[in-house]
Amino acid sequence: MKVAMTMKGLALLGVVALCCVVTATACPDKCRCDPEGRGQRVRCSGGHLSSLLVGLPHNTARLLMDSVTSKQTLGHADLERAPRSLIHLTITNSALQVVEDSAFSPSLTSLQVLDLSKNSIRSIAGGAFTGLSSLRFLNLSGNQLSDVGSALEPLVSLRQLDLGHNFLSELRPAAVQSLSSLSTLCLDGNHFRSLTGGTFQHLAFLSELRIRGCGVSSISEDFFASITRVKLLDLGSNRLKVFPSSTKFSELRQLKHLYLDDNELLKLHPHQFSELSLLTLSLAHNRISSVPADALSGLTVENLDLSENKLLELRGECLQPVAQHLAVLNVANNPIRVLQPNAFEGLRLLDTLNISACSLTVLPAETFSGLYSLRRLDASWNHVQNVSEDLVKVFDRLVTINLYHNAWHCDCHIAPFRNWLRSRRSAHKLHCLPGQDQDDDCSALRCASPDKLAGKLISSLLDSDLERCSGGGGKGGLPVPVQISIVLACLLFSLGMLLLTLYLWRRGRTRKELKQMFQKKKRRPDSRIEEVAEEDQDKIAPFVDCDNESLKESHRSFVFRHYFDQMVTDPKLLEPTSPSQVAPSEARVGFAAQKDSVYSSDPALYEASHNSHSIVVGIESTV
């Protein structure tokens, strides 16, 4: 009998225990309950708020409710039946408009995460969050708040606050004054026009500040001085035209990530980021047309984004200040067109390079030869026609290459690249980089020209398919700028020679005169008579038209010079000799002396001449 009663008692206890287990593990309709450590995680979509809370397991730790039906006002009575074990509560997309006073007390004292985003909340009572002393994270983004008033004052333990995408035009210092433990503040998508330091002066431990897409056009002088401990500063998608000077950044010694993308910046100041040591600097999608050599001076950065600007060239000296630490460089979507040989000089730690959509026609091998640490290259969406053998050797060192959508010209110059595509060395290297359209087959590189090969895979080309290259397009061909320089030099030289010829022609210089001006006569003392006899053949009579008073000075100089040069001063050569006593050869010499005696200083010779009077008159008039 006692045994039977004992058995019945045990059975009764088993039924009670089973009922308790079923009750504890029961899950409301339109909800899904998942065990999570010591508690439950419940996800609900749809249904009414009050009915969902009644049927929850008593050990629910995380309650995520989306699109639930409730009245537009969230009050104290609505959350009375919520499990006290809740540490995470989410109510999103539920058309809430007002949060009343003491809406979360006293039942939710253990709550650490509260997400009320994507509702229509436009008003929060001053004491709405009273009792949430353990709250660490509050998300109020995607609502219609124009002012938070004093609602945040009880949240002394709050670490992260998201007020993004509301209607805030300012954030009064008193609204966040009590949040002394706040480390992350998001104000994205509001309507700020300027930023002042007073708003953040009490947030001593703020390390992450996001103010993206707020229409900010100006920053006050004290703004940076009030956020000295910030490690991440996001000012992207605003209307900044003038960048703050480098002196304003001098206090941000702990800054690691700076986002200034999608603004209206036109230029960078010298030493703009001096004394900063950054992991990320984003200047993408601005209007920067050049990077001065000293703009990055004093900066240390590992990830630099200059994409979608107006850069026409990328000079090596502008990247030299950051060459020692730069690992990721993005200059995509700039009208660079030509890469200088020293564009990436000294970037020995560069791991990832994006030069896509830059209208490049050539990838110079020497530009990449010094990038020994390069592993990822994106040169897609350019106008590259072929790849040289030297550049193929650079490709062998890479892990990821994107060459999709280029203007490949399939002639004999494409042969080295074709051979590389066929080899095992290119296996698994050609594909789209993260963030690109994965529907594209980036490994299927196809010919763009000539027309007969357009659309054909480069790797499938035969030698017979490749056209013979023109002489000017070979590997040893000079670049077009060099060819133009040579042609211009030749034209200038030809023009100079033409002008010199015209000048000499106008001066009346003849070939013989020029020869006499630039060549010095060779004379030998022992053959004076023979030299005189030979020169007489080309001598011009200096006494023709002696009465002409318009004799040119150059002619006078000619006669005067030859008069003294050919003067015979040896008396032996002037002695009369009878023809019978002189040999025929000597007679010829004597005849030459007699002939040349018109230049002699012996008056007897002049008197013996049948034309002595004219000769004397000619000499006197010339001298």
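This write-up is about the structure you can find in this document. (Residues numbered from 1 in each chain as written. Predicted model: local features only at pLDDT ≥ 70, side-chain atom pairs only at ≥ 80, totals over all residues. Heavy atoms only, no water.)

1. Comments concerning the overall build of the protein chain
Along its length, the protein chain carries 13 helices and 22 strands. Buried residues in the protein chain amount to 39% of all 623 residues. Within the protein chain, contacts between residues separated by at least 24 positions form 55% of all contacts whose residues are at least 6 apart in sequence. Here the protein chain displays about 34500 Å² of accessible surface, and carbon together with sulfur accounts for 54% of that area. (Helix = DSSP H or I, 4+ residues; strand = E, 2+ residues; numbered from the N terminus. Buried < 20%, exposed > 50% of the residue type's maximum accessible area, 1.4 Å probe, protein only. Contact = heavy atoms within 4.5 Å. Areas by Shrake-Rupley, 256 points an atom, 1.4 Å probe, with all protein chains shown as cover.)

2. A word on the side chain of Asp115
Among the structural elements, Asp115 can be located in strand β7 (residues 113-115). With sequence-adjacent residues up to four places away left out, Asp115 is seen in contact with Leu89, Thr90, Ile91, Thr92 and Asn139.

3. Quick word on helix α6 (residues 415-422)
Ala415, Phe417, Arg418, Trp420 and Leu421 are the residues of α6 that are buried. The inward-facing, buried residues of α6 contact α5 (389-395) and β22 (400-402).

4. Some thoughts on the environment of Pro416
For Pro416, the location among the structural elements is in helix α6. A relative accessible area of 21% places Pro416 in the partly exposed class. Separated by 29 residues in sequence, Pro416 and Val387 have C-alpha atoms that sit 7.3 Å apart. With residues up to four places along the chain from it excluded, the contact list for Pro416 reads Val387, Glu389 and Val392.

5. Examining unusual backbone geometry
Of note, the bond from Ser449 into Pro450 is cis; its omega dihedral lies within 30 degrees of zero at -5°. Topologically, Pro450 is positioned in the loop between α6 and α7 (480-507). Unlike most non-glycine residues, Arg337 shows phi in positive territory, near 70°. The backbone of His405 shows a phi angle near 60°, a positive value even though the residue is not glycine. Locating His405 in the fold gives a position in the loop between β22 and α6.

6. A look at the pattern of salt bridges
Enumeration over the complete set of coordinates arrives at 14 salt bridges. With a shortest N-O distance of 3.2 Å, Asp465 and Lys456 are connected by a salt bridge. By relative accessible area, Lys456 is classed as partly exposed at 31%. Linked through salt bridges whose partners overlap, the residues forming this network are Glu208, Arg210, Arg212, Asp234 and Asp261. (Salt bridge = Lys/Arg side-chain N within 4 Å of Asp/Glu carboxyl O.)

7. Comments concerning the sheet that holds strand β8 (residues 123-124)
Taken together, 3 strands build an open sheet; the order of strands is β4-β6-β8 and the sheet is parallel. Either end of the sheet is taken by a strand with one partner, and the two such strands are β4 (73-74) and β8. Here β4 runs beside strand β6 (residues 98-99); their pairing, made up of 2 bridges, is parallel. Paired with Leu74 across the strands is Val99, a residue of β6. (Pairing = 2+ DSSP bridges.)

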